[in-house]
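A look at the structure
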Amino acid sequence: MAREIRQAGFNSPVKPTDPVVIATDDTISLHADVGDGNGLRYVTYSRRNCSGTLTNTLYRNTSTTTYCGGDEFISNIVGLTFTYFELNNVTIPYPITSTYQLDSQAHVTTGGTPAVPAVNGQRNRIRLVKISLIVQQQVGAFTMPFTMTTDVAMRNLLP
């Protein structure tokens, strides 16, 4: 997930004008060539299915036309948060809130298409994404939460 987010905006020699298409607290969709041989695609990570319901599954969708659902990527998710930062390490939005959607673009349900990011909009100012993921795993008689956190610099969007 971090590798693909790092690739946002990549498609040499032409970079897409909409590298971050959806950016909410629990969904990210980016436009990039992620090196899977399929060329320029929209790659979406979300805990929401195509009806917009929050689930315990992290979905990964790669497509040229859809932005919801996809293949089950990780199960037993109890927490997923994307936090976005500008180049100067200021959170977007500022101040940060527990739930948000940048540029008022929420996750997309079946058949929906996100709005193109405005030139000076919040989605176009993202330069770093912090991913925090909590997965529950059964260990013997105990249910153990595991937290993974990483910061991802969007190297193709840096000046």
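Before reading further, recall that the structure is shown in the block above.
Bear in mind that the values here come from a model prediction, so they are computed numbers and not experimental data.

If you tally the helices and strands in the protein chain, you get one helix and nine strands. The order of helices and strands in the protein chain, counted from the N terminus, is α-β-β-β-β-β-β-β-β-β. What you see for the protein chain is a C-alpha radius of gyration of 15 Å, in line with the 15 Å of a compact globule of 159 residues. Once the C-alpha set of the protein chain is aligned to its principal axes, its extents read approximately 55 × 35 × 25 Å. In the protein chain, buried positions account for 45% of the 159 residues. Within the protein chain, contacts between residues separated by at least 24 positions form 49% of all contacts whose residues are at least 6 apart in sequence.

Right, let's get into the nonpolar core. Core analysis: the largest hydrophobic core is formed by 27 residues, its most contacted members being Ile 5, Phe 82, Tyr 84, Ile 126, Val 129, Ile 131 and Met 154. At the level of elements, β1 (20-23), β2 (27-32), β3 (41-48), β6 (77-85) and β8 (128-139) are the ones that each hand at least two residues to this core. Apart from residues lying up to four places away in sequence, Tyr 84 is in contact with Ala 23, Thr 24, Thr 27, Ile 28, Val 90, Thr 91, Ile 92, Tyr 100, Leu 102, Ile 126, Leu 128 and Val 129. Within the second largest apolar cluster, five residues are counted, among which are Val 21, Tyr 42, Tyr 67 and Val 108.

This next bit is on the side chain of Gln 7. Within the secondary structure layout, Gln 7 lies in the loop between α1 (2-6) and β1. Apart from the residues lying within four places of it in its own chain, the contact partners of Gln 7 are Ala 32, Asp 33, Val 34, Arg 155 and Asn 156.

Here the focus is the environment of Ile 5. Mapped onto the secondary structure, Ile 5 falls in helix α1. Taking relative accessible area as the criterion, Ile 5 reaches 0% and is therefore assigned buried. Here the alpha-carbon distance between Ile 5 and Arg 155, two residues 150 residues apart in the chain, equals 9.4 Å. Excluding anything up to four places from it in sequence, Ile 5 contacts Ile 28, Leu 30, Phe 82, Val 129, Ile 131, Val 152 and Met 154.

Next up on the list: the pairing of strand β9 (residues 142-153). Here β8 pairs with β9 via twelve bridges, running antiparallel. Bridge pairing in β9 links Gln 137 to Met 144. Taken together, β8 and the strand that follows it, β9, pair antiparallel across an intervening segment of two residues, in which Gly 140 is found at a positive phi of about 65 degrees.

Turning our attention to the sheet that holds β1. With antiparallel pairing, the five strands of this open sheet are ordered in space as β1-β2-β3-β4-β5. Each having just a single partner strand, β1 and β5 (71-74) make up the two edges of the open sheet. Averaged over all pairs of adjacent strands, the angle between strand axes in this sheet comes to 20 degrees, irrespective of strand direction. For β1 and β2, the ladder comprises three bridges, and the chain directions are antiparallel. Bridging across to β2, Val 20 finds its partner in Leu 30.

Rules used in this analysis
- Residues numbered from 1 in each chain as written.
- Predicted model: local features only at pLDDT ≥ 70, side-chain atom pairs only at ≥ 80, totals over all residues.
- Heavy atoms only, no water.
- Helix = DSSP H or I, 4+ residues; strand = E, 2+ residues; numbered from the N terminus.
- Rg over C-alpha atoms; globule rule 2.2 N^0.38 Å.
- Buried < 20%, exposed > 50% of the residue type's maximum accessible area, 1.4 Å probe, protein only.
- Contact = heavy atoms within 4.5 Å.
- Core = buried A, V, L, I, M, F, W, Y, C linked by side-chain atoms within 4.5 Å.
- Pairing = 2+ DSSP bridges.
- Axes fitted to C-alpha atoms, helices over the stretch in contact; angles between N-to-C directions.

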